[in-house]
Amino acid sequence: MSNMRSPLARVKGLGSAKEGLHHWWMQRITAIANIPLVAAAIWIVLLSLRTDYAGVINLVGHPCVGAILILFIANLFYHAALGLQVVIEDYVHGAAKFFLLIFVKFSAALIAMIGIVSVIVVIVERASGS
Amino acid sequence: MASNDGKSGGGVQRPLSPHLGVYKPQITSTLSILHRMTGVALSVGTLVLVYWLFAITSGPEAFAQMQSCFSSWIGRLLLFGWSFALFYHLCNGIRHLFWDAGKGYELETASKSGIAVVVVSIALTLGVWFCAYTGVGVL
């Protein structure tokens with residue numbers, strides 16, 4: 001068990017594809033990015049409570065606010081998909097795991113897309129209205 | 001090497017670690033599973049955010065419907081639980097990032113930071129609902 005690698009692989013310096021850390025690392029990167037983004041999103045929602053429908057369009061449709069929300073949605077759903085993947089891999093086994101993993105990835109992409117397109121539509125609406 | 005037929009143990013009685021149920025729940029283990037549970041709940045809760053944005057796009061009627069949906073007592077209750085889950089997951093996530101940096105592993109520190117996470121997330125939840133109701137601190 002001391003060395004599972006062939007002499008040729010060892011001498012050529014072959015090893016893992018160095019991709020094993022990617023999932024773990026992206027989960028942390030998106031977690032760090034989520035700290036300011038969650039704060040910004042909460043502030044935007046609180047601001048929206050102080051105004052009417054036209055005011056909400058004016059707020060969410062502002063390119064800067066909309067850009068923050070789009071960034072937040074992309075980062076949030078990436079983080080959620082990575083986290084759900086770990087939970088599924090820990091508790092679900094067999095064919096169900098396979099389908100759940102794909103289901104989570106597809107739904108995260110779909111729901112994130114609905115959110116992002118919604119923000120873009122509001123930005124366009126505000127720009128054409130004013 | 002022994003042949004591997006793909007079956008774990010191969011019929012040999014190997015020692016097993018005790019089942020999770022025999023352990024007394026501790027603040028560290030309870031908060032750990034709570035991090036997972038809030039994470040899963042928040043994943044479903046992302047629908048709230050997308051519904052909010054979709055309602056804004058869909059016009060004044062849809063927006064009013066969304067407002068009445070969220071301002072009902074059940075809507076407020078769900079949003080309150082959702083906001084606590086968010087702040088808990090956020091604060092405990094920062095605690096996890098410190099662990100990733102190799103800090104705060106001492107038993108006493110881990111318990112204290114756990115209590116701090118619960119206190120801060122309750123405070124943030126109450127704070128944000130205070131702001132929501134009064135508009136204080138929101139421009």
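Residues numbered from 1 in each chain as written. Chains lettered and ligands numbered in written order. Predicted model: local features only at pLDDT ≥ 70, side-chain atom pairs only at ≥ 80, totals over all residues. Heavy atoms only, no water.

Draft legend 1. Representation of the overall build of chain A in the model. A count of helices and strands for chain A gives five helices and zero strands. Reading chain A from its N end, one meets helices and strands in the order α-α-α-α-α. In terms of overall size, chain A is more extended than a compact globule, its C-alpha atoms giving a radius of gyration of 21 Å where 130 residues would be expected to give roughly 14 Å. Each principal axis of the C-alpha distribution contributes one length, and for chain A these read about 70 × 35 × 25 Å. For chain A, buried positions account for 38% of its 130 residues. In chain A, once contacts between residues fewer than 6 apart in sequence are set aside, the share between residues at least 24 apart is 71%. Roughly 7,900 Å² of accessible area belongs to chain A as shown, and the carbon and sulfur atoms make up 73% of that amount. Of the side chains in chain A, 9 bear a positive and 5 a negative charge, and the two mean positions are spaced by 17 Å. (Helix = DSSP H or I, 4+ residues; strand = E, 2+ residues; numbered from the N terminus. Rg over C-alpha atoms; globule rule 2.2 N^0.38 Å. Buried < 20%, exposed > 50% of the residue type's maximum accessible area, 1.4 Å probe, protein only. Contact = heavy atoms within 4.5 Å. Areas by Shrake-Rupley, 256 points an atom, 1.4 Å probe, with all protein chains shown as cover. Lys, Arg positive; Asp, Glu negative; His and termini not counted. Charge placed at Lys NZ, Arg CZ, Asp CG, Glu CD.)

Draft legend 2. Molecular detail of the overall build of chain B. Of regular secondary structure, chain B possesses four helices and zero strands. Ordering the α and β elements of chain B from the N terminus gives α-α-α-α. Taken against the 2.2 N^0.38 rule, which gives 14 Å for 139 residues, the C-alpha radius of gyration of chain B at 22 Å runs more than 25% over that of a compact globule. When the backbone C-alpha atoms are referred to their principal axes, chain B occupies close to 70 × 40 × 30 Å. For chain B, the residues scored as buried account for 30% of the 139 residues in total. Within chain B, contacts between residues at least 6 apart in sequence are counted, and of these 70% link residues at least 24 apart.

Draft legend 3. A look at the nonpolar core. In this structure, V60 and F77 of chain A together with W52, L53 and I56 of chain B are the most contacted members of the largest nonpolar core, which totals 42 residues. Elements with a contribution of two residues or more to this core: α2 (22-48), α3 (53-60), α4 (63-91) and α5 (95-129) of chain A together with α1 (27-57), α2 (60-71), α3 (73-100) and α4 (107-134) of chain B. Apart from the residues lying within four places of it in its own chain, the contact partners of W52 of chain B are I44, V45, S48 and V60 of chain A together with M66 of chain B. With five residues, the next largest nonpolar core counts L84, V92, L101 and V104 of chain A among its residues. (Core = buried A, V, L, I, M, F, W, Y, C linked by side-chain atoms within 4.5 Å.)

Draft legend 4. Region of interest: a nonpolar patch on the surface. On the surface, L110, M113, I114, V117 and V121 of chain A together with F54 of chain B cluster together into a nonpolar patch covering about 480 Å² of accessible area. Per-element tally for the nonpolar patch: the top contributor is α5 of chain A, with five residues. Looking at where V121 of chain A falls in the secondary structure, it is placed in helix α5. The class of V121 of chain A is partly exposed, set by a relative accessible area of 34%. (Patch = residues over 30% accessible without salt bridge, like charges linked within 9 Å, V, L, I, M, F, W, Y side chains within 5 Å. Salt bridge = Lys/Arg side-chain N within 4 Å of Asp/Glu carboxyl O.)

Draft legend 5. Just the side chain of S48 of chain A, in detail. Within the element layout of this structure, S48 of chain A appears in helix α2. By relative accessible area, S48 of chain A is classed as buried at 5%. From its side chain, S48 of chain A meets the backbone oxygen of V45 of chain A in a polar contact 2.6 Å long. Once residues within four sequence positions are removed from consideration, S48 of chain A is found in contact with V56 and L59 of chain A together with W52 of chain B. (Polar contact = N/O pair within 3.5 Å; in protein donor to acceptor, adjacent residues only side chain to side chain.)

Draft legend 6. Summary view of the pattern of salt bridges. The final tally for this structure, using the stated rule, is three salt bridges over all chains. One salt bridge connects R28 of chain A with D100 of chain B, and the closest N-O pair in it is separated by 2.8 Å. Of the two residues, R28 of chain A is situated in helix α2 and D100 of chain B in helix α3; the pairing between them involves two chains. The buried category is assigned to R28 of chain A, whose relative accessible area is 17%. A salt bridge links E108 of chain B to K112 of chain B, with the shortest nitrogen-to-oxygen separation between them at 3.1 Å. Remark: K112 of chain B and E108 of chain B occur in helix α4; sequence separation between them is four residues, near one turn of the helix. K112 of chain B carries the same exposure label as E108 of chain B, and that label is exposed.

Draft legend 7. The arrangement of the interface of chain A and chain B in detail. Taken together, the 41 residues of chain A in the interface contact 32 residues of chain B. Overall, the association of chain A and chain B removes approximately 3,000 Å² of surface from exposure, summing both partners, and the carbon and sulfur fraction of that is 80%. Three residues, L46, R50 and Y53 of chain A, lead the burial of chain A against chain B; their summed loss comes to 19% of the area buried on that side. At the boundary of chain A with chain B, the tally comes to two salt bridges. A salt bridge links D90 of chain A to R36 of chain B; its shortest N-O distance comes to 2.7 Å. On inspection of chain A and its partner chain B, the count reaches six residue pairs in polar contact (both at pLDDT 80 or more). (Buried area = accessible area lost by both parts, 1.4 Å probe.)

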